[in-house]
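Observations on the model geometry
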Amino acid sequence: MKTLYLDTFSGISGDMFLGLLCDLGLDLAMLEAELAKLPVSGYRLTTAREQRHGIAGCRFQVLHEETHHHRSWSSIDRMLAESSLAAPAKDLARRFFRRLGAAEAKVHDIPIDQVHFHEVGAVDAIVDLTGAAIGLSLLGIDRVWCSPLPLSRGMSRAAHGALPLPAPATLE
């Protein structure tokens, strides 16, 4: 059983996670081929070697043109279910989005079928989350353990207006 341990002392983003998977051996061409099985377009993936504070790593980016990014949980789940992604990656991506949908449903006190993702419904987030599921599957990683995430303070602007940090659905 392969386990990935994440030391997230300063947090982690989807791009950071995919860069890490590339550093662990994820083939970008294979990732792109799998992501092409989704009915989303208007994006491209880039990678570059970067060094910060003397530490080298892969900088991964999802460059996209999308301006409208509201999608319902059920439409994303349907898109994944109907895709030709390999079963392990498809199932994991659906679990990722179901967990996010359940958190949003709880915070907004609505059924999961009524959840509309704003930022998470964007092409970038769909590629990040589905790409993570594909990458974990292709690398044969069975479990992911994570150190405690740092909690921020203050306020942030989102589609629902000003929210405290961490945002309620994020905290959930």
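Here is what the cut-offs are and how they apply
Residues numbered from 1 in each chain as written. Predicted model: local features only at pLDDT ≥ 70, side-chain atom pairs only at ≥ 80, totals over all residues. Heavy atoms only, no water. Helix = DSSP H or I, 4+ residues; strand = E, 2+ residues; numbered from the N terminus. Rg over C-alpha atoms; globule rule 2.2 N^0.38 Å. Buried < 20%, exposed > 50% of the residue type's maximum accessible area, 1.4 Å probe, protein only. Contact = heavy atoms within 4.5 Å. Areas by Shrake-Rupley, 256 points an atom, 1.4 Å probe, with all protein chains shown as cover. Core = buried A, V, L, I, M, F, W, Y, C linked by side-chain atoms within 4.5 Å. Axes fitted to C-alpha atoms, helices over the stretch in contact; angles between N-to-C directions. Parallel < 35°, antiparallel > 145°, perpendicular 65-115°, else oblique. Pairing = 2+ DSSP bridges. Lys, Arg positive; Asp, Glu negative; His and termini not counted. Salt bridge = Lys/Arg side-chain N within 4 Å of Asp/Glu carboxyl O. Arc of directions from axis to C-beta. Polar contact = N/O pair within 3.5 Å; in protein donor to acceptor, adjacent residues only side chain to side chain.

**Let's talk about the overall build of the chain**
Secondary structure summary: the chain contains 6 helices and 8 strands in total. Its helices and strands taken in sequence order, the chain reads β-α-α-β-β-β-α-α-β-α-β-β-β-α from the N to the C terminus. Rg of the C-alpha trace for the chain: 16 Å, near the compact-globule value of 16 Å for 172 residues, within the 12% margin. Over its C-alpha atoms, taken along the principal directions, the chain stretches across nearly 40 × 40 × 35 Å. Considering the chain as a whole, with its 172 residues, one finds that 35% of them fall into the buried category. For the chain, contacts bridging at least 24 residues in sequence account for 65% of all contacts bridging at least 6. For the chain, the accessible surface area stands at approximately 10,300 Å², while carbon and sulfur atoms represent 54% of it.

**A word on the nonpolar core**
Counting 37 residues, the largest nonpolar core has Leu-21 and Leu-31 as its most contacted members. Of all the secondary-structure elements, those providing two or more residues to this core are strand 1 (2-6), helix 1 (14-23), helix 2 (28-35), strand 3 (55-64), helix 3 (73-82), helix 4 (87-108) and helix 5 (123-139). Looking at which element gives the most residues to this core, the answer is helix 5, with 8 residues.

**Details of the packing of helix 3 against helix 4**
Relative orientation of the contacting elements helix 3 and helix 4 amounts to 175°, with a least axis distance of 9 Å. Classified by the interaxial angle, the pair formed by helix 3 and helix 4 is roughly antiparallel. Seen from helix 3, the contacting residues are Trp-73, Ile-76, Asp-77, Leu-80 and Ala-81; seen from helix 4, they are Lys-90, Ala-93, Arg-94, Phe-97, Arg-98 and Gly-101.

**Here we look at the pairing of strand 3**
In this structure, strand 2 (residues 43-52) lies alongside strand 3, joined through 10 bridges in antiparallel fashion. Bridged to Tyr-43 within strand 3 is His-64. The turn linking strand 2 back onto strand 3 is made up of 2 residues, and His-53 within it adopts a positive phi angle of 55°.

**Brief notes about the environment of Arg-143**
Summarising the element assignment, Arg-143 is placed in strand 6 (residues 141-146). Using a relative accessible area of 37% as the deciding quantity, one classes Arg-143 as partly exposed. Through-space distance from the C-alpha of Arg-143 to that of Gly-11 is 19 Å; in sequence the pair is 132 residues apart. If near-sequence neighbours (up to four positions away) are discounted, Arg-143 is found in contact with Met-1, Lys-2, Thr-3 and Leu-4.

**Notes on the side chain of Asp-128**
Counting through the fold element by element, Asp-128 comes out in helix 5. For the buried Asp-128, no salt bridge is present, and the opposite-charge side chain at shortest range is Arg-59, 11 Å distant. Other than its neighbours up to four places away in sequence, Asp-128 contacts Gly-14, Asp-15, Leu-18 and Val-62.

**Section: helix 2**
For helix 2, every residue scored as buried is listed here: Leu-31, Glu-34 and Leu-35. All buried residues of helix 2 project into a common sector of 95° when viewed along the axis, lining one side. Tucked into the core, helix 2 has its buried residues touching helix 1, strand 2, strand 3 and helix 5. For helix 2, the capping residue at the N-terminal end is Asp-27, with a side-chain oxygen 3.0 Å from the backbone nitrogen of Ala-29.

**A short note on unusual backbone geometry**
Residue His-53 is not a glycine yet carries a positive backbone phi of 55°. Within the secondary structure layout, His-53 lies in the loop between strand 2 and strand 3. In this structure, Asp-109 takes a positive phi of about 55° despite not being glycine. When you line up the elements, Asp-109 lands in the loop between helix 4 and strand 5 (116-117).

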